[in-house]
Amino acid sequence: MSQEIGFFYGSTTGMTEDVAYRIEACIKEKFGLEIVPINIIDLDDPNDMFLYKRIILGMPTWNYGEYQDDWELVVDKIASANLQGTVIAMFGLGDQIGYPEYYLDAMGMLAEQLGAQGATFVGEWPSADYKFASSKALKANGNFIGLALDEDSQPEKTQERLEAWVAQVIPLLLA
């Protein structure tokens with residue numbers, strides 16, 4: 001595992017885990033870096049994520065705009081974290097057709113909490129190629145705070161999107 005970048009995700013159905021490992025393979029292929037994704041449920045202490053100053057986080061939005069179960073266990077820990085100087089790249093999975101009014105809400109809610117603790121973000125993603133009603137992951141400029149993926153409605157676009165996002169964020173995380 002790279003000592004420079006921490007990579008953490010939560011996953012219930014395995015889709016976010018699958019994407020995390022696809023991102024890992026892309027990082028290795030394009031940059032030659034070994035950055036192994038870790039399921040946050042496997043951490044002895046969720047605060048260990050915040051030992052890194054460069055972090056990749058992945059999460060699905062669950063049900064009606066809720067955190068996935070593993071992230072529910074971590075969210076309370078964020079309030080005590082000092083994330084000044086921490087740079088975070090996020091990716092989120094959601095179902096823009098089945099839950100159009102909650103698309104990627106968990107990513108947006110998590111980003112809001114992390115930002116309140118001083119974190120800054122890289123890797124925002126354009127929202128133009130998506131069909132949804134609302135999202136807490138949207139920034140004022142109309143972009144998502146991180147990579148937006150939909151394995152339910154647009155799985156054929158995932159690989160191209162994650163490759164473009166990895167090419168964008170890894171140089172920023174290594175800077």
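All of the points below concern the structure found in this document. These numbers were taken from a predicted model, which means no experiment stands behind them.

Further remarks concern unusual backbone geometry. Its identity is not glycine, yet Asn-63 carries a phi of approximately 50 degrees, on the positive side. When you line up the elements, Asn-63 lands in the loop between strand E3 (54-62) and strand E4 (66-67). We note that Leu-104 has phi near 60 degrees; this positive angle belongs to a residue other than glycine. On the secondary structure map, Leu-104 appears in the loop between strand E5 (87-93) and helix H3 (105-116). The class for Leu-104 is buried, based on a relative accessible area of 0%.

Mapped onto the elements, Val-87 comes out in strand E5. Along the sequence, Val-87 and Gly-146 sit 59 residues apart, while their C-alpha atoms lie 12 Å from each other. Setting aside its immediate chain neighbours within four residues, Val-87 contacts Lys-53, Arg-54, Ile-55, Thr-120, Val-122 and Leu-173.

Before going further, it helps to spend a moment on the pairing of E3. Of all the 9 residues making up E3, 8 are buried; the element is thus mostly covered by neighbouring parts of the structure. As paired elements, strand E1 (residues 6-9) and E3 share 4 bridges and run parallel to each other. Bridging across to E3, Phe-7 finds its partner in Ile-56. Here E3 pairs with E4 via 2 bridges, running antiparallel. For Trp-62, the partnering residue across the bridge sits in E4 and is Glu-66. Connecting E3 to the antiparallel partner E4 that follows it, the hairpin turn spans 3 residues, and Asn-63 within it adopts a positive phi of roughly 50 degrees.

Conventions used here
- Residues numbered from 1 in each chain as written.
- Predicted model: local features only at pLDDT ≥ 70, side-chain atom pairs only at ≥ 80, totals over all residues.
- Heavy atoms only, no water.
- Helix = DSSP H or I, 4+ residues; strand = E, 2+ residues; numbered from the N terminus.
- Buried < 20%, exposed > 50% of the residue type's maximum accessible area, 1.4 Å probe, protein only.
- Contact = heavy atoms within 4.5 Å.
- Pairing = 2+ DSSP bridges.

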